[in-house]
Amino acid sequence: MNRRSLVLAAAFALVLPNIAIAGKAEDQAEARKAGEDALAAVYKVAPSAKKAVESAAGYAAFSNFGMKILVAGGGSGKGIAVNNKTKAMTYMKMAEVQAGLGFGVKKFRLIWVFETDTAFNNFVNSGWEFGAQATASAKAGDKGASYQGAVAVSPGVWLYQLAGDSLALELTAKGTKYYKDGDLN
């Protein structure tokens, strides 16, 4: 009986790490797909977003799900942050807490566009973005990147928010924390 238990324990010790690796690869693929789907959806309704994303220092793309019941709500999501210069990808998560009267369930996609390396690195490493400025259309300096349909959330940081099949010209990312996914990076 002891020998049998030892053989089973050894077999599990060899198999479990492979299961964890396969699970991690699947989760990474799922996060990449969520980000790619968010990009494709935004490009479909705001074609100028493609040039803005490609000419930026970096971007982050998320697919999120939120719910609000009476006075409290929250949401969660996953996605990727990509440095356009190095092509390095960081897997990220988001969590949101809301207060205020309401009721509903909402699936939405967000594309963060960072004009500078500093703005991108701050987002990836600290995970927070504060502030909001309702801007429906703007152009950034002489780079020629049009942010039509994006909202400026801080200097050099733009946000495209897609609710359903249309751009939302409102900012609902306040109170949301974006952070590195410790299990996938």
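Residues numbered from 1 in each chain as written. Predicted model: local features only at pLDDT ≥ 70, side-chain atom pairs only at ≥ 80, totals over all residues. Heavy atoms only, no water.

S.K.: Hey, could you go over the overall build of the protein for me, with residue numbers and the actual values?
M.R.: Assigned secondary structure in the protein consists of three helices and eight strands. Going residue by residue from the N terminus, the α and β elements of the protein occur as α-α-β-β-α-β-β-β-β-β-β. Within the span of the protein, comprising 185 residues, buried residues form 40% of the whole. Sequence-distant contacts in the protein: of pairs separated by 6 or more residues, those separated by 24 or more amount to 65%. When the accessible surface of the protein is totalled, it reaches about 10,300 Å², and 60% of it is carbon and sulfur. (Helix = DSSP H or I, 4+ residues; strand = E, 2+ residues; numbered from the N terminus. Buried < 20%, exposed > 50% of the residue type's maximum accessible area, 1.4 Å probe, protein only. Contact = heavy atoms within 4.5 Å. Areas by Shrake-Rupley, 256 points an atom, 1.4 Å probe, with all protein chains shown as cover.)

S.K.: Requested: an account of helix 2 (residues 48-55), with residues and values cited.
M.R.: Listed as buried for helix 2 are Ala49, Ala52 and Val53. Buried residues in helix 2, looked at end-on, bunch into an arc of 95°, giving them a common side. (Arc of directions from axis to C-beta.)

S.K.: I'd love a proper account of the environment of glutamate 30, names of residues and values included.
M.R.: Its location among the elements puts glutamate 30 in helix 1 (residues 2-45). Residue glutamate 30 is classed as partly exposed on the basis of its relative accessible area of 42%. Each C-alpha atom of the pair glutamate 30 and glycine 79 lies 8.5 Å from the other, and the pair is 49 residues apart in sequence.

S.K.: I'd love a proper account of the nonpolar core, names of residues and values included.
M.R.: Grouped together as the largest cluster of nonpolar side chains are 23 residues, with contacts concentrated most on Ile111, Val113 and Tyr160. If you list the elements that add at least two residues to this core, you get helix 1, helix 2, strand 1 (58-83), strand 2 (89-114) and strand 6 (157-163). The leading source of residues in this core is helix 1, at five residues. Sequence-distant contacts of isoleucine 111, defined by excluding residues within four places in its chain, comprise Ala38, Leu39, Val42, Val53, Ala60, Ala61, Trp158, Leu159 and Tyr160. Ala60, Val124, Val153 and Val157 belong to the second-largest nonpolar core, a separate cluster that totals 17 residues. (Core = buried A, V, L, I, M, F, W, Y, C linked by side-chain atoms within 4.5 Å.)

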